[in-house]
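# Close look at the chain arrangement
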Amino acid sequence: MSLTPRQIVAELDKFVVGQDQAKKAVAIALRNRWRRRMIEPEFRDEIYPKNIIMIGPTGVGKTEIARRLAGLSDSPLLKVEASKFTEVGYVGRDVESMIRDLTELTITRLKAEEAEVVRDKAREVAEERLLDLLLPGRQANPEPQPGPRPQALRPGQTIELGHMSGPDQDQYNDQQNDQPGDGSHSRTRERLREALRAGKLDERFVDLEVTARTSPRLEIFSNQGVEEMDLNLKDIFGQMFPGQTKRRKVKIPEALEMLTNEEAGRLVDMDQVVNKALAKVAESGIIFLDEIDKVAVKSSGSGPDISREGVQRDLLPIVEGTTVTTKHGPVKTDHILFIASGAFHMAKPSDLIPELQGRFPIRVELDSLNAEDFVRILTEPKSALVTQYQALLATEGVELSFTDESVRAVAEMADEINQATENIGARRLHTVMERLLEEISFTAPDLDPDDRKIVIDADYVNTRLEQVKEDRDLSRYIL
C-alpha cells in the first residue's frame, strides 16, 4: 500500500520546514502513481504524470523536497541543471543524456541491492577460496626439496607467512605435512576455518591478483561523445585492450572482503538487474530539472537566446514522451515524473515555449524563508544543523548545547545577512554556523576533560559574529 498524500506530507515535514503548497502538490503526484498502477492495463498507459514547476528563490527546499520524495517512494532520482544542456549542434550535453544517466544510476543501485541479497552465499564461496590459499592442494608424492619447502599456490597468488611461533608454527607444519584427500588435510582445513572465523588470522597477509584500473587517458577519451552514439567505447576498448592485473598484498580480512565482492558480482544476474532497472526508470523515475528559468528567456532572434530556446525544444519530446536509446536497451519517458524548478527572477514560466508550458501543468510557488523559519530549520528536522554539529563534536568527547536565545540569535543574524546581501535562503545557516563554531571545532581535540561541556548562548553568538555582521563588505565574503 502506498503512502497517502497526508502521510507523504507528514514524512516531508520531518525534513523540510514549511512549503505546504509544494509538499501537497508532490504528494498528490506521488499518490497518483499508485492509483495508476491500480487501473486496468489497457487504460493505464493513457494516464500520464502531471509534471510540476516549483518557483522560488534558492535555498527554500525545492531540491530537498524532490530528494525526500524519491526516498519515500523508492524511485530512481536524477538531479540535473537545465543550464548544462545546449541545443544540438552547440558544444554541451545532449538532453537525452539525463535518461541514460538515470538508467546507469538505477542499474548501479539495483546491482548493489542484489549483491547484498547473495552476500551470504558469496562469503561462503570467498571463504573457501581463501582457505585454498591458506591450505593449497599438494601432489600425492612430492619430490623432496632441499631447504624450506615452498608453498603450493594458485597461479599468481601467494601467502605471506611472516614470523610465526608457537601454535601458528605448529599449525603451519601440520599444513605442510597434510596431503589432500586424507583425513589430516580435512582436519587442518577445518582448524583454519575456525581460526579464520575467530579472527586469529587477521594479521596474516596474502597476495591477490586484482584488475588494474583503466588508464585515465582511456577514461577521458571514452567519455567524449558517448551520449550521441549507440556504442559504448569503454566496452570496445575493454575488448581491444584487456584489463591488466596486478598483485596486492593485503591482510586476510581485506582479502576476504575483496573475494566476497567478486563472488557477489558473479552471482548477480545482470540481465535480470538491467531489465528491472529499465522498467523501474520508465515507470517510477523522477528527474529533477533545476534552473529551468535559465533557459526560459524569450528569444530576441539572435545570440545565446537561440540556444536557450533550442534547449527547450530538445527537452520537449523527452517530457512529452519518447523512447531514448541506451546501451542497455530503450527507455520510454512517457511516465517519468519531471519536477522543474527555478528562481524565475529574470524570467517567468510564461517565457517558456508554449508546448513546454503545457507539459508542466502544476505550478507551485515556494515562500521565502524568514527568521522564524530558520529557528525551526535549526532545531526541528531529523537532520537539523544543531543536531549535526552536536553529533560531530560528540566524536571528540565534547557535549555541545544551545540555548533557545542562541538559536534565535543565529536565525535572526542569518536573516539579516540574507536581506543585506544575496538571499541564499537556508544555505546561509551553514555559513553562519560554521563561522560560529569554528574555534570550538578547531580546539575540540585538545580540550581538557573538564572543559568539554560547552553551552552556546546569545552572548557567545553576538561576540563571534557581530563584527562580521556589521562590516557589510566582510560579511559578503565570509558569511
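Residues numbered from 1 in each chain as written. Predicted model: local features only at pLDDT ≥ 70, side-chain atom pairs only at ≥ 80, totals over all residues. Heavy atoms only, no water.

Okay, the pattern of salt bridges next. Counted according to the given criterion, the structure contains 33 salt bridges. In this structure, K23 engages D13 in a salt bridge whose closest nitrogen and oxygen atoms are separated by 2.5 Å. Highlighted residues: K23 in helix α2 (residues 20-37) and D13 in helix α1 (residues 5-13), separated in sequence by ten residues. According to the relative accessible area criterion, K23 is buried, its value standing at 0%. For D13, a relative accessible area of 38% puts it in the partly exposed group. The salt bridge involving R193 is made with E128; its shortest N-O contact spans 2.7 Å. Note that R193 is positioned in helix α8 (residues 183-197) and E128 in helix α6 (residues 119-134), a separation of 65 residues in sequence. (Salt bridge = Lys/Arg side-chain N within 4 Å of Asp/Glu carboxyl O. Helix = DSSP H or I, 4+ residues; strand = E, 2+ residues; numbered from the N terminus. Buried < 20%, exposed > 50% of the residue type's maximum accessible area, 1.4 Å probe, protein only.)

Among the five residues of strand β6 (residues 286-290), five are classified as buried, and the element is accordingly described as predominantly covered. Side chains I286, F288 and D290 project from β6 onto one buried face, and the interleaved I287 and L289 project onto a second face that is buried too. The sheet contact formed by strand β2 (residues 77-81) and β6 spans five bridges and is parallel. Paired with V80 across the two strands is L289, which belongs to β6. As paired elements, β6 and strand β9 (residues 337-342) share four bridges and run parallel to each other. The residue bridging L289 from the neighbouring strand is A340, located in β9. (Pairing = 2+ DSSP bridges.)

On the surface, a cluster of negative charge is contributed by D404, E405, D457 and D459. Along the chain, D404 turns up in helix α17 (residues 404-420). Accessibility expressed as a relative area gives 66% for D404, which makes it exposed. (Patch = residues over 30% accessible without salt bridge, like charges linked within 9 Å, V, L, I, M, F, W, Y side chains within 5 Å. Areas by Shrake-Rupley, 256 points an atom, 1.4 Å probe, with all protein chains shown as cover. Lys, Arg positive; Asp, Glu negative; His and termini not counted. Charge placed at Lys NZ, Arg CZ, Asp CG, Glu CD.)

Note that K50 resides in the loop between α3 (41-44) and β1 (52-55). Judged by its relative accessible area of 44%, K50 is partly exposed. Once the C-alpha coordinates of K50 and A29 are considered, the two residues, 21 residues apart in sequence, prove to be 6.6 Å apart. Leaving out residues up to four positions away in the same chain, K50 has contacts with L337, P361 and I362. Among the polar contacts listed, one links the side chain of K50 to the backbone oxygen of Y48, at a separation of 3.1 Å. (Contact = heavy atoms within 4.5 Å. Polar contact = N/O pair within 3.5 Å; in protein donor to acceptor, adjacent residues only side chain to side chain.)

If you look at soluble globular proteins, the nonpolar side chains tend to sit buried side by side. Ranked by internal contacts, the top residues of the largest apolar core, which has 55 residues, are I339 and M433. Among the nonpolar cores identified, the runner-up in size contains 42 residues, and I107, A122, A264 and L278 belong to it. (Core = buried A, V, L, I, M, F, W, Y, C linked by side-chain atoms within 4.5 Å.)

What follows is about the packing of aromatic side chains. Here the structure, examined in full by the defined rule, presents zero aromatic pairs. Taking the ring centre of W34 as reference, the NZ or CZ of R31 above it sits at 4.0 Å. R68 extends its terminal NZ or CZ atom over the ring of F15, reaching a point 3.9 Å from the ring centre. (Phe/Tyr/Trp six-rings, centres within 6.5 Å; stacked < 30°, edge-to-face > 60°. Lys NZ or Arg CZ within 6 Å of the ring centre and 35° of its normal.)

Moving on to the packing of helix α5 (residues 97-117) against helix α12 (residues 270-284). Where α5 meets α12, the axes come as close as 9 Å, and the angle between the chain directions of the two elements is 130°. By the angle between their axes, α5 is oblique relative to α12. The two elements α5 and α12 cross, and the hand of that crossing is right-handed. On α12, the residues touching L102, T103, T106, I107, R109, L110, K111 and E114 of α5 are M270, V273, V274, K276, A277, L278, K280 and V281. Across the contact of α5 with α12, the residue classes break down as nine nonpolar, two polar and five charged. (Axes fitted to C-alpha atoms, helices over the stretch in contact; angles between N-to-C directions. Parallel < 35°, antiparallel > 145°, perpendicular 65-115°, else oblique. Left-handed = near helix turned anticlockwise from the far one by under 90°. Nonpolar A, V, L, I, M, F, W, Y, C, P; charged D, E, K, R; others polar.)

Another point: the layout of surface pockets. Its volume calculated, the largest pocket comes out at about 740 Å³. As for the largest pocket, its lining consists of 32 residues, and the residues nearest its centre are G59, V60, G61, A426 and R427. For the lining of the largest pocket, the elements supplying multiple residues, two or more each, are α4 (62-73), α16 (385-394) and α18 (427-436). (1 Å grid on protein atoms, 1.4 Å probe; cavity = no way out; pocket = protein on both sides within 12 Å on 5 of 7 lines; lining within 4 Å. Points joined across faces, edges and corners; volume = space filled by probe spheres on them.)

Purely geometric numbers; function is a separate question.
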